[in-house]
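Residues per chain are reported as follows:
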Amino acid sequence: MPHILIIGAGIGGLTTAALLLKQGWRVTVLEASTYPGGCAGTFFHQGYRFDAGATLAGGFDANGPHTRLAEMLELEWRVSPIQDAAWVVHLPDKTIHQWVNPTQWRDEYLKNFPYSESFWHKQEHLAKIAWDISTRDFPFPPANMDEALRLPLAVRLATFSAAPHLLRKFRGLLPQETDAEFKAFIDAQLLISAQAISDAADALYGATVLDLPRRGVVHVHGGMGGIAETLVQWIRSQGGEVLYRQQVTALDVKDGRVTAAHTNKKLRLEADFFVGNLTPWALEKLLGEAAPVSLQREVKRRDLMWGAFVMYAGLDAGIVNQSITHHQVVMDVNKKLGEGNSVFISLSPLDDPKRAPQGFRTATLSTHTSVTDWDKLHRENPEAYEERKAKYAEKLLDAAEHALPGFRKAAKFIMPGTPHTYETFTRRPLGMVGGFPQTSLLRARSPRTGLQNLWLAGDSIFPGQSTAGVTLGAMRVAKLVQNESRRQHVN
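My aim in this report is to walk through the structure given alongside it, one point at a time.

1. Topic: the environment of Arg445
Here comes step 1: By the secondary structure assignment, Arg445 is in the loop between α14 (419-426) and β19 (454-456).
Here comes step 2: As for Arg445 and Pro463, which are separated by 18 residues in sequence, their C-alpha atoms are 8.4 Å apart.
Here comes step 3: Discounting residues that sit within four places of it in the chain, Arg445 has contacts with Pro141, Pro280, Leu295, Glu298, Arg302, Phe436, Leu456, Ser460, Ile461 and Phe462.
Here comes step 4: Within the structure, the side chain of Arg445 is placed 2.7 Å from the side chain of Glu298, a separation counted as a polar contact.

Now the structure itself:
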């Protein structure tokens, strides 16, 4: 029975672990924190359960990644489908509901942007192709010769009609009549899920992002961390190990293979294969001098991911009593998005008693921000760092008040966090979150690491961001590990 050791109990690591356990592997997951999920986890503080980062759960439709995984493992997610609006977009002079129902959504976009109908038809067509690809064997970019040989067939079957758009930027899809409001509306959605606006985002990936509200968005009972918690329970029930407070601090490497992992608790574990639910920067740091040259070059040349400035709040549910739980706010359509000008707000459902003390609910607010400025301030000027943190907290409160009047009065508890906060609690270098900006398929990353029996999972590998995307990537990693084990056994 081969042994797989997973570094990190994020969705990618846990999904890979569960799928290999289902195939008869011995599985060990090592997690540095006290709870699973990483940036898609839920933490407990002063009677509240806050979503650490990811707050929107999609991909639970009939052919969605989470639905397919549940069928493979024969488990049940603790979720409830959102029936009305997945979220509401608040522009300075418009409020747009992202209705789950396609007919309602058509009426909504025609009311707000009457010139955009042909754009949405094109977007829906491309999104359908992209979602179809997600249900197939689409090994991109190829991680080995076997995947390279399978890729041409996958491309011919799934992407023939999308070929003109494969290397196109999303801005090429926008209608000629596009004004600042419509562009801000589109760009805000692309930024939260593709990590890039229309000027840079890949057209096919961007079309998928805009389709998300109608692709099985759900409330996860108890918070986003419920996805990871369900996977942990399943793994343990099937004889797998998930160990908390075990931060992997070093890996032994010999002849191009990892042989063992060391933790901060003096644990040393050997295994046949290893998967890191890590960013390339974290993996390179972990490997130290044993890091392959290709990995060292990559972390030097790749652009850094975004960071997030977040604010966690405990709210009086009698004041902020909206039933729609997700809200996106753009304060000025003529200014650059992120850094407080665009804010995503997620409220805990009013009928989820696990999330907050009676009469209260939680809120997680976030905006994109550059990680380097925060890192420099934290190291060189702590006073300026705190001042900037207070300034950004006010920006988020202003955005929340615009979308949800009475928010400031309702906030009985507020806790802001910077990229440095993310680095401290998730151990992601510089607090980078969300995966690489999806600007081109040619820049997509495979699970390869440069070591024969070590693979990456998580939001760093294609298709990247979101629990749905990470789940798709993990399905691929599990298959790669399984096939590599078979190949080595035959040889």
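2. A look at the sheet that holds strand β12 (residues 268-270)
Here comes step 1: Judged by pairing direction, the sheet is antiparallel, and its three strands sit side by side in the order β10-β11-β12 without closing on themselves. A strand with exactly one partner marks an edge of an open sheet, and here the two such strands are β10 (248-254) and β12. Averaged over all adjacent pairs, the angle separating strand axes in this sheet is 25 degrees, with direction ignored.

3. Notes on unusual backbone geometry
Here comes step 1: The amide bond that connects Phe462 to the next residue, Pro463, takes the cis arrangement and shows omega of 10 degrees.
Here comes step 2: Within the element layout of this structure, Pro463 appears in the loop between β19 and α15 (467-490).
Here comes step 3: Unusually for a residue other than glycine, Glu74 sits at a positive phi of about 60 degrees.
Here comes step 4: With respect to the helices and strands, the residue Glu74 is situated in the loop between α2 (65-73) and β5 (79-81).
Here comes step 5: The class for Glu74 is exposed, based on a relative accessible area of 68%.

4. As for the layout of surface pockets
Here comes step 1: The volume enclosed by the second largest pocket comes to roughly 380 Å³.
Here comes step 2: In this structure, the second largest pocket is lined by 18 residues; those nearest its centre are Tyr35, Phe43, Tyr312, Thr421 and Phe425.
Here comes step 3: For the lining of the second largest pocket, the elements supplying multiple residues, two or more each, are β3 (42-45), β14 (307-316), β18 (411-417) and α14.
Here comes step 4: In terms of residue count, α14 provides more of the lining of the second largest pocket than any other element does, five residues in total.
Here comes step 5: Residues of the lining of the second largest pocket, tallied by class, amount to ten nonpolar, seven polar and one charged.

5. Looking at the pairing of strand β17 (residues 360-369)
Here comes step 1: Among the ten residues of β17, eight are classified as buried, and the element is accordingly described as predominantly covered.
Here comes step 2: Of the strand pairs in this sheet, β14 and β17 are connected by ten bridges, and their pairing is antiparallel. Its bridge partner being in β17, Gly307 is matched across the sheet by Thr369.
Here comes step 3: Here strand β16 (residues 342-347) runs beside β17; their pairing, made up of four bridges, is antiparallel. From the neighbouring strand, Ser346 faces β17, where its bridge partner is Thr364.

6. Remarks on the packing of aromatic side chains
Here comes step 1: One pass over the full model with this rule turns up 26 aromatic pairs.
Here comes step 2: Between Phe50 and Phe413, the aromatic rings sit 6.0 Å apart at their centres with planes inclined by 25 degrees, giving stacked as the arrangement. Taken together, the residues Phe50 in strand β4 (residues 48-51) and Phe413 in strand β18 connect sequence positions 363 residues apart. We note that Phe50, like Phe413, is buried.
Here comes step 3: The ring of Tyr392 carries the charged tip of Lys395 above its face, separated from the ring centre by 4.6 Å.

7. Focus: the sheet that holds strand β9 (residues 241-243)
Here comes step 1: Spatially, five strands are ordered β9-β2-β1-β13-β19 in an open sheet, and the strand pairing comes out parallel. Each edge of the sheet is formed by a strand with only one pairing partner; in this case those strands are β9 and β19. Strand-to-strand twist in this sheet, taken as the mean axis angle between neighbours without regard to direction, amounts to 20 degrees.
Here comes step 2: Together, β1 (3-7), β2 (26-30) and β13 (273-276) form the strand contacts of helix α1 (residues 11-22), whose direction differs from that of β2 by roughly 165 degrees.

8. What to know about the packing of helix α9 (residues 280-287) against helix α10 (residues 293-301)
Here comes step 1: At a minimum axis separation of 9 Å, α9 and α10 run at an interaxial angle of 135 degrees. Judged by the angle between their axes, α9 and α10 are oblique. As for how α9 packs across α10, the hand of that crossing is left-handed. On α10, the residues that touch Pro280, Trp281, Leu283, Glu284 and Leu287 of α9 are Leu295, Gln296, Glu298 and Val299.
Here comes step 2: Here the contact of α9 with α10 is composed, by residue class, of six nonpolar, one polar and two charged.

Rules behind the numbers
- Residues numbered from 1 in each chain as written.
- Predicted model: local features only at pLDDT ≥ 70, side-chain atom pairs only at ≥ 80, totals over all residues.
- Heavy atoms only, no water.
- Helix = DSSP H or I, 4+ residues; strand = E, 2+ residues; numbered from the N terminus.
- Contact = heavy atoms within 4.5 Å.
- Polar contact = N/O pair within 3.5 Å; in protein donor to acceptor, adjacent residues only side chain to side chain.
- Pairing = 2+ DSSP bridges.
- Axes fitted to C-alpha atoms, helices over the stretch in contact; angles between N-to-C directions.
- Buried < 20%, exposed > 50% of the residue type's maximum accessible area, 1.4 Å probe, protein only.
- 1 Å grid on protein atoms, 1.4 Å probe; cavity = no way out; pocket = protein on both sides within 12 Å on 5 of 7 lines; lining within 4 Å.
- Points joined across faces, edges and corners; volume = space filled by probe spheres on them.
- Nonpolar A, V, L, I, M, F, W, Y, C, P; charged D, E, K, R; others polar.
- Phe/Tyr/Trp six-rings, centres within 6.5 Å; stacked < 30°, edge-to-face > 60°.
- Lys NZ or Arg CZ within 6 Å of the ring centre and 35° of its normal.
- Parallel < 35°, antiparallel > 145°, perpendicular 65-115°, else oblique.
- Left-handed = near helix turned anticlockwise from the far one by under 90°.

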